[in-house]
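Overview (structure and organization)
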Amino acid sequence: RDYSPWFPFLRLLEQALDQLPSTAKKVFYRGLSDDSDHAFFIGERFFWSGILACASSITDLRPDQRTILAIHCPEGKDLSEFATNRSNAQILLP
């Protein structure tokens, strides 16, 4: 596959991510509905390809989310400054 047409967009995305404040929290949370097409197991490690929005606290997840992932990551980008509900800190994991 030729990914060269995407390079200008990816460069712009990388520059935008560099402008966002970083957070050094090590554990982030992601909730999934029960219709997930993957069975997760405790302690399982997997690779998530793509940009992922997470919560910085498990209490920020919706109550209808049946699968909760605890994601250990060295850093994320804090989006709470741009969120409509600033009490729920949203973190972007690039």
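Residues numbered from 1 in each chain as written. Predicted model: local features only at pLDDT ≥ 70, side-chain atom pairs only at ≥ 80, totals over all residues. Heavy atoms only, no water.

**Quick look at the overall build of the chain**
If you tally the helices and strands in the chain, you get one helix and six strands. Counting from the amino terminus, the chain carries its helices and strands in the arrangement α-β-β-β-β-β-β. For the C-alpha atoms alone, the extent of the chain along its principal axes is close to 40 × 35 × 25 Å. A total of 94 residues make up the chain; the buried ones form 26% of that total. Contacts in the chain between residues at least 24 apart in sequence constitute 75% of all its contacts with a sequence separation of at least 6. (Helix = DSSP H or I, 4+ residues; strand = E, 2+ residues; numbered from the N terminus. Buried < 20%, exposed > 50% of the residue type's maximum accessible area, 1.4 Å probe, protein only. Contact = heavy atoms within 4.5 Å.)

**Regarding a nonpolar patch on the surface**
Taken together, the side chains of Tyr-3, Trp-6, Phe-7, Phe-9 and Leu-10 define a hydrophobic patch exposed on the protein surface, amounting to about 570 Å² of accessible area. Look at Tyr-3 and you get partly exposed, because its relative accessible area is 46%. (Patch = residues over 30% accessible without salt bridge, like charges linked within 9 Å, V, L, I, M, F, W, Y side chains within 5 Å. Areas by Shrake-Rupley, 256 points an atom, 1.4 Å probe, with all protein chains shown as cover. Salt bridge = Lys/Arg side-chain N within 4 Å of Asp/Glu carboxyl O.)

**What about the side chain of Lys-77?**
In this structure, Lys-77 sits in strand E5 (residues 76-78). No salt bridge is formed by the buried Lys-77. Its closest oppositely charged neighbour is Glu-75, at 4.7 Å. Ignoring anything within four residues of it in the chain, the contact list for Lys-77 reads Leu-17, Asp-18, Leu-20, Pro-21, Ser-22, Gln-90, Ile-91, Leu-92 and Pro-94. (Lys, Arg positive; Asp, Glu negative; His and termini not counted.)

**Details of the nonpolar core**
Phe-28, Leu-32, Leu-52, Cys-54, Leu-69, Ile-71, Cys-73, Ile-91 and Leu-93 form the largest nonpolar core, which has nine residues in total. Those residues in contact with Ile-71 that lie beyond four places of it in its chain are Lys-26, Val-27, Phe-28, Arg-30, Leu-52, Cys-54 and Leu-93. (Core = buried A, V, L, I, M, F, W, Y, C linked by side-chain atoms within 4.5 Å.)

**Considering the packing of aromatic side chains**
Taken as a whole and assessed by the stated rule, the structure comprises one aromatic pair. Ring plane angle 75° and centroid distance 6.1 Å describe the contact between Trp-6 and Phe-9, whose orientation is recorded as edge-to-face. The class for Trp-6 is exposed, based on a relative accessible area of 51%. Judged by its relative accessible area of 46%, Phe-9 is partly exposed. (Phe/Tyr/Trp six-rings, centres within 6.5 Å; stacked < 30°, edge-to-face > 60°.)

**A word on the side chain of Gln-65**
Tracing the backbone shows Gln-65 in the loop between strand E3 (52-55) and strand E4 (67-72). For Gln-65, a relative accessible area of 15% gives the class buried. A polar contact is formed between the side chain of Gln-65 and the backbone oxygen of Gly-31, at a distance of 3.4 Å. For Gln-65, the side chain forms a polar contact with the main-chain nitrogen of Arg-62, separated by 3.2 Å. (Polar contact = N/O pair within 3.5 Å; in protein donor to acceptor, adjacent residues only side chain to side chain.)

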